[in-house]
Amino acid sequence: MMSDGANSMWGGRFAGGVDAIMEAINASIGYDKRLYGQDIAGSRAHAAMLAAQGIITAEDRAAIDAGLVQVQGEIEAGTFTFRPALEDIHMNIEARLKEIIGEPAGRLHTARSRNDQVAVDFRLWVRDQADAVVTGLDSLMRAFLAQAEAGADWVMPGFTHLQTAQPVTWGHHMLAYVEMLGRDKSRFEDARRRMNECPLGAAALAGTSFPIDRHATAAALGFDRPTANSLDSVSDRDFALEFLSAASICAMHLSRFAEELVIWSSAQFRFVRLSDAFTTGSSIMPQKKNPDAAELIRAKLGRILGATVALFTIMKGLALTYSKDMQEDKEQVFDAADNLMLGIAAMEGMVKDMTANQDALAVAAASGFSTATDLADWLVRSLNLPFREAHHVTGSLVAMAEKKGCDLPDLGLAEMQSAHSGITEEVYSVLGVDNSVRSRVSYGGTAPANVRAQVARWKEILG
Ligand code: ARG
């Protein structure tokens, strides 16, 4: 089936219409309509510059500007008809502008191409998203920080290999995520700085012979400067790749805490309780309270990293400059950005909502011979044993306790001395978990005093 007539935007040398399948594969309006605000902002800046440079008249510029404002109003009111035959958001808006203002609409595209138009629209969109992610991460970091402050001295087991390793503080564990999210935030801020150059005015690929002022349009759209090479301007999608890469790392961090929440909220761990707000029940098992939101956050990296791989694969091997392949960039970024924002918001909700079960944490912290390293360190400090020997002596005491079915502090002094005769009563002071965490005062260590200092530092940073 053919659609009737040639495309009014580029149909000059085309006699017939395009095949319906061609229209279906070619059209991006179904998703790039999300760029309408950026497209209209870019066009208004371009028209203002064209008039200021004497390339179009002030009257035409005024008509274009008023028309574009009307189009924006129609889109926002939901009365605008998006037409797939007009391919994309750029041509849909321009066609409607022509219906509203007539001939001057045709002057808007002077010294411009859809290649630089889509490049600037998409950059503006990704820039907005980077800002939104930074704001979202700020709130999420504050939520972790509040947990850290409340539980600066609550003890819990620290794990390696998901095996009890050494006691740590709840606050220290929460602050680990503040550090990760802080790095994520800086990655988005850094990507934003690099993407903040304006490609508008590169035109199709070679620049233009019209006396345009690219510095003016760049400034009007909040960019630091215009891009320096017209070929690069229309073919570059690094800004989207950097956004997706930062999003992937961030989503990976979210998935790790999500996994911890899944483990911690299980009946076997009972480290945290999640409220009804972020859990669901089971239709058959009345006792169940499933951490669905955490599971979904854990899964989000799948599609976000998928989008990253997709865009790298789309861009790989593309000869300069623009190729239609690049139209496939947007859906990936839209989906990744939407899901990252959702994941950040849901995680913030859960972090605010969760209640630590301090008793269960303390019991778990003290089990699994978690203070064995403290015992070994004491042997080094007090008896001057080489660490390797201290490790060996401690190992035999752990084996003894395991055999008796008790914890290290439950061994009698005589039993202790059977492993090393120099052991004194004093050893018991290092076997308690509170003493253990209090002793870890090395910079970056888990001691409550360190946690409080780091909370204060982050509060200052986050303002
Ligand atoms: N819809 C297109 C895209 O998203 C706009 C650019 C089209 N340029 C072209 N030369 N056909 O990439």
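Because the structure is a prediction, the values reported are computed rather than measured.

A. A look at the packing of helix α7 (residues 170-195) against helix α18 (residues 448-462). Two elements in contact, α7 and α18, have axes separated by 10 Å at closest approach and are oriented at 30 degrees. Here α18 runs roughly parallel to α7, going by the angle between their axes. Where α7 crosses over α18, the handedness of that crossing is left-handed. Where α7 approaches α18, its residues Gly 171, His 172, Leu 175, Val 178, Glu 179, Gly 182 and Lys 185 are matched on the opposing element by Val 451, Gln 454, Val 455, Arg 457, Trp 458 and Leu 462. Looking at side-chain class alone, the contact of α7 with α18 contains 6 nonpolar, 4 polar and 3 charged residues.

B. Quick peek at the site of the ligand. In the vicinity of the ligand, the residues found are Ser 28, Asp 88, His 90, Arg 114, Asn 115, Val 118, Tyr 322, Gln 327 and Lys 330. Between a nitrogen atom of the ligand and a side-chain N or O atom of Arg 114, the distance comes to 3.5 Å. Separating a nitrogen atom of the ligand from a side-chain N or O atom of Gln 327 is a distance of 2.7 Å. In terms of residue count, the dominant contributor to the shell around the ligand is helix α6 (residues 114-150) (3 residues). In terms of residue class, the shell around the ligand is built from 2 nonpolar, 4 polar and 3 charged.

C. Inspection of the environment of Lys 185 at higher detail. Assignment of secondary structure puts Lys 185 in helix α7. Using a relative accessible area of 13% as the deciding quantity, one classes Lys 185 as buried. For Lys 185, the contacting residues outside a window of four places in its chain are Val 134, Leu 137, Asp 138, Met 141 and Leu 462.

D. A look at the pattern of salt bridges. Summed over all chains, the structure comprises 29 salt bridges. Between Asp 329 and Lys 330 there is a salt bridge; the shortest N-O distance is 2.9 Å. On the basis of relative accessible area, Asp 329 is assigned to the buried category, the value being 0%. A residue is classified by how much of its surface remains accessible, and Lys 330, at 3% relative accessible area, is buried. The residue Glu 415 makes a salt bridge to Lys 404 at a minimum N-O spacing of 3.0 Å. Of the two residues, Glu 415 sits in helix α16 (residues 413-419) while Lys 404 sits in helix α15 (residues 387-404), which places them 11 residues apart along the sequence. A relative accessible area of 24% places Glu 415 in the partly exposed class. Judged by its relative accessible area of 46%, Lys 404 is partly exposed.

E. Region of interest: helix α4 (residues 58-77). Counted at 1.5 Å a residue, the expected span for α4 with its 20 residues is 28 Å, and the 28 Å between its end C-alpha atoms agrees. Of the residues making up α4, those classed as buried are Asp 60, Ile 64, Asp 65, Gly 67, Leu 68, Val 71, Glu 74 and Ile 75. Lining the buried residues of α4 we find α3 (36-52) and α5 (89-101). Where α4 terminates, the next one or two residues include Gly 78, which has phi positive at roughly 80 degrees.

F. Main features of the side chain of Asp 236. Its place among the elements puts Asp 236 in the loop between α9 (230-235) and α10 (238-264). The buried category is assigned to Asp 236, whose relative accessible area is 11%. At a separation of 2.9 Å, a polar atom in the side chain of Asp 236 contacts the side chain of Arg 123. Among the polar contacts listed, one links the side chain of Asp 236 to the backbone nitrogen of Asp 238, at a separation of 2.7 Å.

G. The side chain of Arg 440, seen in detail. With respect to the helices, strands and loops of the structure, Arg 440 is situated in the loop between α17 (433-439) and α18. Classification of Arg 440 as buried rests on a relative accessible area of 17%. Apart from the residues lying within four places of it in its own chain, the contact partners of Arg 440 are Gln 166, Thr 373, Asp 374, Asp 377, Gly 445, Thr 446, Ala 447 and Asn 450.

Definitions and cut-offs
- Residues numbered from 1 in each chain as written.
- Predicted model: local features only at pLDDT ≥ 70, side-chain atom pairs only at ≥ 80, totals over all residues.
- Heavy atoms only, no water.
- Axes fitted to C-alpha atoms, helices over the stretch in contact; angles between N-to-C directions.
- Helix = DSSP H or I, 4+ residues; strand = E, 2+ residues; numbered from the N terminus.
- Parallel < 35°, antiparallel > 145°, perpendicular 65-115°, else oblique.
- Left-handed = near helix turned anticlockwise from the far one by under 90°.
- Contact = heavy atoms within 4.5 Å.
- Nonpolar A, V, L, I, M, F, W, Y, C, P; charged D, E, K, R; others polar.
- Near = heavy atom within 4 Å.
- Polar contact = N/O pair within 3.5 Å; in protein donor to acceptor, adjacent residues only side chain to side chain.
- Buried < 20%, exposed > 50% of the residue type's maximum accessible area, 1.4 Å probe, protein only.
- Salt bridge = Lys/Arg side-chain N within 4 Å of Asp/Glu carboxyl O.
- Expected span 1.5 Å × (residues − 1).

By themselves, these figures tell us nothing about what the structure is for.
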